[in-house]
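# Close look at the chain arrangement
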Amino acid sequence: MAIVLGPNRYGKAEVRVVRVTRDGGTHRIRDLNVGVFLSGDMDDVHLTGDNSAVLPTDTQKNTVFAFAKKYGIGEPEEFGLLLARHFVDSQPAVHHARVRLEEYAWDRITGPHSFVRGGTEVRTALVHSDGSGGSGGSESVVSGLRDLTVLNSTGSEFHGFAQDGFTTLEPTDDRVLATAVTARWRHRGTGSDWDASYAAARAALLDAFATTHSLSLQQTLYAMGRRVLEERPELCEVRMSMPNKHHFLVDLAPFGMDNDNEVYFAADRPYGLIEGTVLTDDAPDAPSAWQ
Ligand SMILES: O=c1[nH]c(=O)c2[nH]c(=O)[nH]c2[nH]1
């Protein structure tokens, strides 16, 4: 039996970079958390300790900051592609770059340079590049969001489920449905209008959540993914993870009160976890895009 080196990658995780763009006295802010991970001809460093192919993770971190200065930070996907292509194109031993980005929104308060952290959700992007776009390289972009917390105070039922000797759940035809959506969507190519695509996909998720009369969170998940794909031809696959943030009706009978879907206990654990993928039937296979 021989022991061999398997798949590997290395890089700098969680580079927190904030770019202020000064347009006269008016400022704009983009706030990112960037992870860079490289792979390629890295056998020697693992097997013999020869570091000659290893671009230090410290250099990768510096590159994120230098690129923020040199090119500014526009859309996260664009910044990720710029970085990924740079490492593959400039380092002979690097054949593949993966850049993982999170963006934290800042909304303007009043005045030109005051901001409040926006929303609860975080925008995400995952970029893979084997070389410069369009020159025969293979690239993928997955955009998304996490922690988009939503609630329907009616319009949700759950009944007709399988039962066994351990089932105690009462069927319901009117409950609160709440979840914190993590959704990621794969682009067909690398030339989308990233900000517009993100805004439209987010809006489609929200609208489908609000307008779907739900018989289960699974059905709602599928409706949300389907809506994104119906509205955005540049996308071909949506992967979602949605915790069922249970709201249990409180029994107020001991106090001589009824409870007609008015007072709930918002439990934080355990929670149901509903996950699923929705894709177009022509979606090219790309499992590595998600890794
Ligand atoms: O929408 C739901 N899906 C389930 O699978 C499930 N299971 C459960 O206990 N409650 C719910 N709700």
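Here the structure is shown first, and the text comes after it.
Residues numbered from 1 in each chain as written. Predicted model: local features only at pLDDT ≥ 70, side-chain atom pairs only at ≥ 80, totals over all residues. Heavy atoms only, no water.

### Considering the site of the ligand
- The ligand sits among Phe-158, Leu-169, Arg-175, Ser-216, Leu-217, Gln-218 and Asn-244.
- Backbone polar atom of Leu-217 to an oxygen atom of the ligand: 2.7 Å apart, as the coordinates give it.
- Side-chain polar atom of Asn-244 to a nitrogen atom of the ligand: 3.3 Å apart, as the coordinates give it.
- Contact with the protein chains removes 71% of the 300 Å² of surface that the ligand exposes when unbound.
- Grouping the amino acids of the shell around the ligand by side-chain chemistry returns three nonpolar, three polar and one charged. (Near = heavy atom within 4 Å. Polar contact = N/O pair within 3.5 Å; in protein donor to acceptor, adjacent residues only side chain to side chain. Areas by Shrake-Rupley, 256 points an atom, 1.4 Å probe, with all protein chains shown as cover. Nonpolar A, V, L, I, M, F, W, Y, C, P; charged D, E, K, R; others polar.)

### Topic: the sheet that holds strand S7 (residues 139-152)
- As summarised here, the arrangement of the eight strands in space is S1-S2-S3-S6-S7-S8-S9-S12, forming an open sheet in which the pairing is antiparallel. Two strands bound the open sheet, and with one partner strand each, they are strand S1 (10-23) and strand S12 (272-279). Here the strands of the sheet are splayed against their neighbours by 15 degrees on average, with no regard to which way each runs.
- Packed on one face of the sheet, helix H2 (residues 57-71) meets S1 and strand S2 (26-40) and runs near 15 degrees to S1.
- Strands strand S8 (177-187), strand S9 (235-244) and S12 of the sheet are contacted by helix H5 (residues 217-231), whose axis makes an angle of about 150 degrees with S9. (Pairing = 2+ DSSP bridges. Helix = DSSP H or I, 4+ residues; strand = E, 2+ residues; numbered from the N terminus. Axes fitted to C-alpha atoms, helices over the stretch in contact; angles between N-to-C directions. Contact = heavy atoms within 4.5 Å.)

### Quick word on the pattern of salt bridges
- In the structure shown here, the tally under the stated rule is 17 salt bridges.
- In this structure, Arg-239 and Glu-237 form a salt bridge, with 2.9 Å as the shortest nitrogen-oxygen distance.
- Through salt bridges with shared partners, a single ionic network connects Arg-30, Glu-77, Glu-103, Arg-123 and Asp-195. (Salt bridge = Lys/Arg side-chain N within 4 Å of Asp/Glu carboxyl O.)

### With respect to the environment of Ile-73
- One can find Ile-73 in the loop between H2 and helix H3 (76-90).
- With 180 residues separating them along the chain, Ile-73 and Ala-253 place their C-alpha atoms 57 Å apart.

### Some words on the packing of helix H4 (residues 194-211) against H5
- Where H4 meets H5, the closest approach of the two axes is 8 Å, and the angle between their N-to-C directions is 140 degrees. Classified by the angle their axes make, H4 and H5 are oblique. Considering only the axes of H4 and H5, their crossing is right-handed. Touching Ala-201, Ala-204, Leu-205, Asp-207, Ala-208, Phe-209 and Thr-211 of H4 are Thr-220, Ala-223, Met-224, Arg-227, Val-228 and Glu-231, all from H5.
- Looking at the contact of H4 with H5, its residues break down into eight nonpolar, two polar and three charged. (Parallel < 35°, antiparallel > 145°, perpendicular 65-115°, else oblique. Left-handed = near helix turned anticlockwise from the far one by under 90°.)

### Considerations on H4
- For H4, which comprises 18 residues, the first-to-last C-alpha distance of 26 Å matches the rise-based estimate of 26 Å (1.5 Å per residue) to within 8%.
- Among all positions of H4, only Trp-194, Ser-197, Tyr-198, Ala-200, Ala-201, Ala-204, Leu-205, Ala-208 and Phe-209 are buried.
- Looking at the buried side of H4, the elements it contacts are H3, strand S6 (122-129), S7, S8, H5 and S9. (Expected span 1.5 Å × (residues − 1). Buried < 20%, exposed > 50% of the residue type's maximum accessible area, 1.4 Å probe, protein only.)

### Concerning a negative patch on the surface
- Taken together, the side chains of Asp-41, Asp-43, Asp-44 and Asp-50 define an acidic patch exposed on the protein surface.
- Locating Asp-50 in the fold gives a position in the loop between helix H1 (43-47) and H2.
- Asp-50 sits in the partly exposed class, given a relative accessible area of 31%. (Patch = residues over 30% accessible without salt bridge, like charges linked within 9 Å, V, L, I, M, F, W, Y side chains within 5 Å. Lys, Arg positive; Asp, Glu negative; His and termini not counted. Charge placed at Lys NZ, Arg CZ, Asp CG, Glu CD.)

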